[in-house]
Every structure is written in structure tokens, then in C-alpha cells.
Amino acid sequence: MRFFPIIRDKHMSISAQVQPLKSGQIVRGTINKIFPNQHAQVKLGNQVVYAQLEVPLKVGESYYFQVDTTGENIYLKVIKASQGKANQDSIHHLIQHLNLGSEDMIIHFLQRLTSQHIPFSAHQIRQAVTLLSGAENKEVAQQILQRMISLDLPMTEDVFTALYTATTEGLSEQLSSLYHFLNSDHSNQTVLSKQINNQIESLLFQNLHTKAAMINQILYDVNNHDQRLFQILRALGVIELTQYGTWQSTWKTFSQDYLSNPTRFIEQLPFQLDLDQVLHSLLSMKEEQQTLMGTANHLLQRWTNPLINNGLTTQEFIVFKNEVQQQLVPLLPANHNLAMIHTMQQNDSNITNLLSMLQTIADEQTYQKIDHVLLITQNEQLPDFGAKQLFLNQLKRVLLFTGLNDENNLINDQPHQLTASLKQMLLQYIEQSDTQTSERLQSFVHLLNGLQLQSIYETNHFIYASIAIPGEKLYLNHDIQLEFESKKTPDGKINPDFCRIIFILDLSHLRKTMIDMQIQNRIVSLTIFNDDQSIKDYCKVWQPLLKEGLENLNYQLSNITVKPFSNQEKTVSHTETKYTKHTISHEGIDYRI
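Computed from a predicted model, the values in this text were never measured in an experiment.

With 12 residues, helix α4 (residues 122–133) extends 17 Å from end C-alpha to end C-alpha; this agrees with the ideal 16 Å at 1.5 Å per step. If you check which residues of α4 are buried, you get Ala122, Gln124, Ile125, Ala128, Val129, Leu131 and Leu132. Residues of α4 that are buried sit in contact with α3 (104–115), β6 (120–121), α5 (138–150) and α6 (157–168).

Its 15 residues give helix α19 (residues 387–401) an end-to-end C-alpha distance of 21 Å, which sits within 8% of 21 Å, the value for a rise of 1.5 Å per residue. Buried residues belonging to α19 abut α8 (191–204), α18 (364–377), α21 (422–431) and β8 (462–469). Phi turns positive, to about 85°, at Gly403, one or two residues after α19.

A few words on the environment of Phe120. Along the polypeptide, Phe120 turns up in strand β6. By relative accessible area, Phe120 is classed as buried at 1%. Distance from Phe120 to Val27, taken between C-alpha atoms, is 6.9 Å for residues 93 residues apart in sequence. In this structure, Phe120 is in contact with Gly24, Gln25, Ile26, Leu94, Leu98, Leu110, Leu113, Thr114, Ile125 and Ile149, ignoring residues within four places of it in sequence.

A few words on the packing of aromatic side chains. On inspection of all chains with the given rule, the structure shows 15 aromatic pairs. When the ring of Phe230 is compared with that of Tyr244, the centres are 5.4 Å apart and the planes differ by 70°; the resulting orientation is edge-to-face. Taken as a pair, Phe230 in helix α10 (residues 228–236) and Tyr244 in helix α11 (residues 244–260) lie far apart in primary sequence, 14 residues in all. Looking at Phe230, the relative accessible area reads 1%, which means it is buried. Feature note: the residues Phe230, Tyr244, Trp247, Trp251, Phe254, Tyr258 and Phe271 constitute an aromatic cluster, connected by ring pairs. One Lys or Arg, Lys487, reaches over the ring of Phe498 and ends 4.9 Å from the middle of that ring. A cation over a ring is seen here: Arg522 above Tyr555, with NZ or CZ 3.8 Å from the ring centre.

The subject of this paragraph is the pairing of strand β13 (residues 556–563). Relative to β13, strand β12 (residues 523–529) runs parallel, the two sharing seven bridges. Pairing of Leu526 across the sheet is with Ile560, part of β13. The parallel pair β12 and β13 is bridged by helix α23 (residues 535–552), and the resulting crossover is right-handed.

This part is about unusual backbone geometry. Here His117, not a glycine, exhibits a phi torsion of approximately 55°, which is positive. Position of His117 relative to the elements: it lies in the loop between α3 and β6. A positive phi angle, near 65°, is found at Phe271, a position not held by glycine. By relative accessible area, Phe271 is classed as partly exposed at 30%.

What follows deals with the confidence of the model for the protein chain. Averaged over all residues, the pLDDT of the protein chain is 81; the fraction at 70 or higher stands at 84%. β12 holds the highest mean pLDDT among the elements of the protein chain, 93, whereas helix α1 (residues 7–17) holds the lowest, 47. Predicted confidence for residues 11–17 stays below pLDDT 50, and this span has 27 contacts to residues more than four positions away or in other chains. Low confidence marks residues 576–587, where pLDDT is under 50. Its contacts with residues over four positions away, or in another chain, come to 26 contacts.

Basis of the calculations
- Residues numbered from 1 in each chain as written.
- Predicted model: local features only at pLDDT ≥ 70, side-chain atom pairs only at ≥ 80, totals over all residues.
- Heavy atoms only, no water.
- Helix = DSSP H or I, 4+ residues; strand = E, 2+ residues; numbered from the N terminus.
- Expected span 1.5 Å × (residues − 1).
- Buried < 20%, exposed > 50% of the residue type's maximum accessible area, 1.4 Å probe, protein only.
- Contact = heavy atoms within 4.5 Å.
- Phe/Tyr/Trp six-rings, centres within 6.5 Å; stacked < 30°, edge-to-face > 60°.
- Lys NZ or Arg CZ within 6 Å of the ring centre and 35° of its normal.
- Pairing = 2+ DSSP bridges.
- Right-handed = clockwise from strand over helix to strand, strands pointing away.
- pLDDT = per-residue confidence, 0-100.

Structure (C-alpha cells):
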């Protein structure tokens, strides 16, 4: 079940109408009024501008204009009167001006752009025609090309393919296909392919093989010289090693046997690790994150300089040891806190190890790593996990594993926070693969690129987001499509007092369902679209609980309305008018015609 973005595409068309015009663009406009001295009021989409006429034009007529700039002056060159509502003759004249063919497909696409007053350049149209001619689904292709022009995206095959793939192919279906493709060649399994499938399994499947997932994570880390999990296990006392090199080389040796026969060697782990107990300890540490970080930071601030610079007297060491035992040790998982006590011996080697343990416990990256390991290895099923936690964890996985945030982290100089995503690992795997495998993997990279391109869109006053979330793990028939719209705060952030969220679901019993939640000044109204009108009875039952939950978050429930899907488009369109109507008036002269 695929849906086109409901909120965002309407906004992008309107946003394209109010952007400053660029040289070479073509736009359709209507002459509203003509004033003395050949001044005219011209309507360009939702903009009203004022122009100095240098050619005779008629009030009420629509024209195609091409933008030209000379110095600070902006000229609108008349191409042809469009005679009312962009009829066939005016479109054909525009096609001749652009030196395009006269196929119905081209005519329909130009009518689509001009009817929505989206400015475009000759280059964009020629590239769009080339891309459109090679697309299997022409209607979908036209919607994507319109979006690319609205956002002024590069009119390249890569961008088009990315958006086309993301629109026509479901995320879960593609993840499942990739998973089976990587598993089909048992003789060519690698640490990298195992870790890719690790992430796919955590996104798709309700029942995970926890031990195998944990082993794959360790092997991937040692192959990529990531010491964070080693440092965590050492701080917990799970392993007594002090040298990372020994840990790394031992696991690399183990991987050669494990990859050839996982079933046999999964029970013959190095260091006698009890992986179930490790995961339990990581979960306990995550739950105590804030207290552990605060306590460890306090101890480091108080004792680091004396420990490093001057050493401690016997009496000072006793005080230090007592503080650690009383303040920190009780917070650690019960089966591992003895390791911390054992380390607290007054010699240089143990002091260094103890400082390293405290630094690991105090470091926020430690808990990011724990969070990642738990997301990829932990079984989450109802009723042990509530529906809310299941959804939030699945949303975390999508953001973390699909790579939607990779470029943003790099732009903000945060590469240390990146956990290798599916996109990063696939690009790495493609470099190591033959042509046939590379082509198959590249199609999934296109999907991830498309999801990324359509995930966030901003205007001066609004933020729009769209994300697909695999649904099977949430006991749904298909993926969730989540769309989000928010006014910006003065500092450019999301405003939780004025926003809108649309959930598009395919539920096991209620089937196709859309929930449109709108928030105005922290007052919440819900519109539920479903063709089974018995859902109204369910709403009456659950409304008091929803109202109470919202009040606990300082929101107020206004109403819940249930409508059939036949009313969905009309309702969404009506709502859009409230959000996005722009009327821009100008004094003086904006353009010359």
C-alpha cells in the first residue's frame, strides 16, 4: 500500500509559487488591473505583483512569461497569451517555444505545472521529458518530476530514480528482498553482510536470534576498530582483559570458523561470554544512565587530578575507594559490581584501569552504543513492551539504521555519533561485490536516497517531514506512513503548540486507516478516516483515556471525528487552505513586462 505525501506536496506547489523568480524560468500570470502610466497588477500563482508594461496587454488575459534579468531589473518577456485556462493552442505554442515534441504526455505535464502556477525553466522541462519517457508509471513519474521542479532539485537520473523507487516500492518489501538476497549465497557470507542482515532483522522481525545478533555486532565492531563495546564490557567486569588488541585478534580468529559454520560455533564463544547476561546488564545500565553518568562525572571531577598528578596517600585512597563503593557500585548490575571492587587496588596499573572505567561510565557515547546494541539484539513483543515503546523503538531504528540522518550529522560535524547505517554498509559492500550484486544492492541504495530526499522539507515558516516505518514488528499489515507539519518557532525549531501529524496505517482488523491529528495552541482535534463506521463505537470507549493522557502532557482534546475515505481528499484540501494561503502585496514596481 503506497501513499503519496498528502501535506507536503500541496505545500511544495504553493511554496514554489512564492519563491523569487529566477532568470530563464517560465511562469503563467494573469493581468488583474492596469493603472495609469502603464502600471499593472499581475497575479502570478498566489503572488500579486506590480509591473511596468512595455508591451500592450489586456485586463483579464493570462500570459506565459519568461523571466530575464538585466542588472537589478527583472523582465517578464511575453511568450504567448494563454487564453484563459491554458488551453491546447496556448500549450502547443509554449511547446514550440521550448522546441519539444507534441506528445500527449508532454502536453499533460505542462498543463499540470502551469495549472498549479509552478515556475520552470526550459532545461528542467527538457530533462523532465527525457526522464518521463523512460518511466514505466507515467502518472507517478509526473508527480515526482513536479516535486523535483518545485524543490529545484537537480533534474538528474539519480535523483529521479531515488524518488521514483521510494514512491513505488514499499520499505518492508525491499528490506525483505535484500535480506533474502544476501542470505541466498551461504558460501559467501562476510562480517559485513551479517551485520547488514542484523539491522534488517531488527527492523522487520518480531522474533530475533539474540545471541547471533550480538555475535555479529561484536565481529563488525572488531573489524572496524570500534572499541566502545569492549570498553563497556570491561567497565562492567564482563571481561577481565585490559588490552583491546587481544580482544580484537581473538574475535577475528573466531570469525573465520563462525562464518563457515554459525550453528556449530555459536556455542563456542571466546572469553566464555554469557550473551544473555551481557544484554541484561546493558539494559540495566541504560535504565540507570542519568544516575550513573552523574555519579561517575562527580567522582572524576573530584579525584582525577590527584590520582594522575600526585598519587594518593593510603588514607586518601581509602576515602576514594569508599566513595566509589558507596556511590557508584550499587548502581551497577548486581552480578558485575564485584569487578569494580576488585579493580580498586592501590597500584598504578589498577588506578589507570579504574579511571578508564569511570570515564566509560560517564561518557554519553557509551549509552548511545548500548542503545544501538539493544535496538539490534533485543526481542520486543507485546505485552512485555507497551505499544508506545514498541513504536518509539521502531522509529529509532528507522532513523538510526536507514541513514536518513547521516548527511545531517556530517554537516553538523558529528561523525563520532554515527553508527554505521544500512546505507553506509551497502555502499561499502557494493565496492567489494561483482557487477550483478552491485546492481541489485544499488537499487536499495536508490530507495534509501529517495526516502532521505523526501523526508524533510522547510519553508520560511513551516517544517514538513515524511517517514516510512516497517509495520510487521508493530503487528500491522503494511508499513506506517507518518507525515508531520509544524510551524517554526522564532529560532527555527518545531513548535509543538501548532503542528499536524498524519498516520497512514493498514490495521489487522480495521484495515486501511488514516488519522489526521491537528494541534492549534495545544488543542488537539482528531479526524479518523476509515470505511468501517463501527469505529465510532471504539472512539467513544477510548476517548476518556485519550483525553486523560493528553491532559497529562498539557494538551486538551477538542474532538474526534470519524469519516469514510471518500471524504479524505476534500477534508485535507480544506485544511490546507487554513495553513498555506499566501497573498503578497507590493508597493512600487517589481517587474517590467
